[in-house]
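Each chain, letter by letter, is given below.
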Amino acid sequence: DGRLTFYPGNQTVDLPFINFMKRYGTVFLNAYTNSPICCPSRAALWSGRFTHLTESWNNFKGLDPNYVTWMDLMEKYGYHTQKYGKLDYTSGHHSLSNRVEAWTRDVDFLLRQEGRPMVNLTGDKKHVRVMEADWQTTDKAVNWIKEEAINLTQPFVLYLGLNLPHPYPSPYAGEHFGSSTFLTSPYWLEKVTYEAIKIPKWSSLSEMHPVDYYSSYTKNCTGEFKTQEVRNIRAFYYAMCAETDAMLGEVISALRDTGLLEKTMVIFTADHGELAMEHRQFYKMSMYEGSSHVPLLVMGPGVKEQQQVPDLVSLVDIYPTMLDIGRIPVPQNLSGYSLTPLLRGKNGNQVTPPRPSWVLSEFHGCDVNSSTYMLRTSTWKYIAYADGRSVLPQLFDLSADPDELTNVAIKFPVIVHSLDKTLRSVVDYPKVSSSVHEYNKREFISWKESLGQNYSDVIANLRWHQDWLKEPKKYEAAIDRWL
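Basis of the calculations
- Residues numbered from 1 in each chain as written.
- Predicted model: local features only at pLDDT ≥ 70, side-chain atom pairs only at ≥ 80, totals over all residues.
- Heavy atoms only, no water.
- Helix = DSSP H or I, 4+ residues; strand = E, 2+ residues; numbered from the N terminus.
- Rg over C-alpha atoms; globule rule 2.2 N^0.38 Å.
- Buried < 20%, exposed > 50% of the residue type's maximum accessible area, 1.4 Å probe, protein only.
- Contact = heavy atoms within 4.5 Å.
- Lys, Arg positive; Asp, Glu negative; His and termini not counted.
- Charge placed at Lys NZ, Arg CZ, Asp CG, Glu CD.
- Pairing = 2+ DSSP bridges.
- Axes fitted to C-alpha atoms, helices over the stretch in contact; angles between N-to-C directions.
- Parallel < 35°, antiparallel > 145°, perpendicular 65-115°, else oblique.
- Left-handed = near helix turned anticlockwise from the far one by under 90°.
- Nonpolar A, V, L, I, M, F, W, Y, C, P; charged D, E, K, R; others polar.
- Expected span 1.5 Å × (residues − 1).
- Core = buried A, V, L, I, M, F, W, Y, C linked by side-chain atoms within 4.5 Å.

Our next topic: the overall build of the protein chain. Across its full length, the protein chain holds 17 helices and 12 strands. A globule of 483 residues ought to have a C-alpha radius of gyration of about 23 Å, and the protein chain, at 22 Å, matches this closely. Put simply, the protein chain has 483 residues, and 58% of those count as buried. Here the analysis covers contacts within the protein chain between residues at least 6 apart in sequence; of these, 74% occur between residues at least 24 apart. The centroid of the 49 positive side-chain charges in the protein chain is displaced by 3 Å from the centroid of its 54 negative side-chain charges.

Spelled out as structure tokens, the structure:
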């Protein structure tokens, strides 16, 4: 959650290496994902192009494996490149459940697709390495810096992808269920200031926007939650962020110990945030701030220190920025703009290409029953759905309502009209929604035919199995009606 990198969010948890980057570099106060889910978001980061252009519709459909990323270009222009950890931007990954849930989101049924969010405390106050896989990946990156990078005669670019602070799988709910367990140790939980944790306000279920209600239901969040339960989920999430911060610290320390820190650009960001029970949801897949607002911090040669940049930026800006840093020609077909002028600190005699006054995010995957489009401007967040007619839009005034509790779309029709016009100039969203709709049907039919006689058994035992198995014929019939 990008809001943890600046006041007041950063009062809830101790993040020493995020703070180190703020002191010696620049923090972006308004950085957004271009799609609040792993694979489509990473596809935008690696391609520099909006989701509707790459057609990275869901966690199964990302970029073509041969797509030319910024790292490919940097390698071509003489950089030594190294990748460790979670990449997750090409097509063909993620679970079968994840795919089928995304394809069938237009079906007229409500099924829980996630385990109920819960917390799990592991180990004792000495237990530091909770997410062991991420620590091992971090160790590899650190060793590479100390043993390889230090001896290179050419410039290098190192990518380290972590899974934290992602919730963990929930075996209690069955092997096919989602990741709904917030897991940490007492060591990390001590870094969290419980008194500073804000308990989010919720609308009643009957007052929720229909898309929000669907998301809350599929994420298993419509039941009763005690205040302490919500506070714990949020605290454990912040503790997981503290563990992530420590991994960043290992990389910064390795660069400092090898004398490389002062001549290396360091960028810290995320593919999406975490709602942690805001708006009666956990996970991502939402345009609310907890899910769509990501961290972005940069430090290194030429980067202005202790700078806070209010300009709206997004992950598609990473591609042209990396090429700019490497003095490599930037392709013309990108959706993003280089951040280097902002990193240097603006001054009057600096000529920079005009940056749009908005950012775009869109979502077409599971846990949400409609294609969703968000246009964020300086004050407003406008969210449009599907064809722009069948589902009512949302409008939030982020200056007056930072918690996004009051949809003022009906109150300000002129602003809605203006923002919708801007959105349509960037993406013909009714047309995109229609093509995703067709894609979902096509993929589902192809998958169903490939299963033959096994179809009924396989579909009943995906992540929604606890609901499905009560009335399997009813849900199969709903799919048949949709097809």
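Don't stop here, the text continues.
Looking now at the pairing of strand β10 (residues 372-376). Counting buried positions over the five residues of β10 gives five, a clear majority of the element. With burial as the criterion, each face of β10 is covered, one bearing T372, M374 and R376 and the other bearing Y373 and L375. In terms of strand pairing, strand β9 (residues 359-363) meets β10 through five bridges, oriented antiparallel. Following the sheet pairing, F363 is matched in β10 by T372. As consecutive antiparallel partners, β10 and strand β11 (residues 380-385) are separated by three residues.

Before going further, it helps to examine the packing of helix α5 (residues 96-103) against helix α14 (residues 429-451). With their axes 8 Å apart at the nearest point, α5 and α14 run at an angle of 130 degrees to one another. In terms of axis orientation, α5 runs oblique to α14. The hand of the α5/α14 crossing is left-handed. For the pair α5 and α14, contact is made by L96, V100, A102 and W103 and by Y439, N440, E443, F444 and W447, respectively. Here the residues of the contact of α5 with α14 are counted per class, giving seven nonpolar, one polar and one charged.

This part takes up helix α6 (residues 132-147). Compared with the 22 Å implied by 1.5 Å per residue over 16 residues, the 22 Å span of α6 between its first and last C-alpha is a close match. Where the residues of α6 are buried, they touch β2 (80-85), β4 (156-161), α7 (186-189) and α9 (227-257).

Turning our eyes to something else, we now look at the packing of α6 against α9. The geometry of α6 relative to α9 is characterised by a closest axis approach of 9 Å and an angle of 10 degrees between their N-to-C directions. Looking at the two axes, α6 sits roughly parallel to α9. Only E243, A246, M247, E250, V251, A254, L255 and D257 of α9 make contact with α6, whose side of the interface consists of D134, W135, T138, V142, I145 and K146.

Taking 1.5 Å per residue as the helical rise, α14 with its 23 residues ought to reach 33 Å, and the 33 Å between its terminal C-alpha atoms agrees with that figure. Residues of α14 that are buried include every one of Y429, P430, V432, S433, V436, Y439, N440, K441, F444, W447 and L451, and no others.

Turning to the nonpolar core, a few remarks are in order. When a protein is soluble and globular, its nonpolar side chains tend to lie buried together. Core analysis: the largest hydrophobic core is formed by 77 residues, its most contacted members being M21 and L255. It is α9 that provides the largest number of residues to this core, a total of 17 residues. Not counting chain neighbours up to four residues away, the residues in contact with L255 comprise I145, F156, L260, L261, T264 and V266. Counting residues in each nonpolar core, the second largest holds 41 residues, with L111, W358, A460 and W482 among its members.

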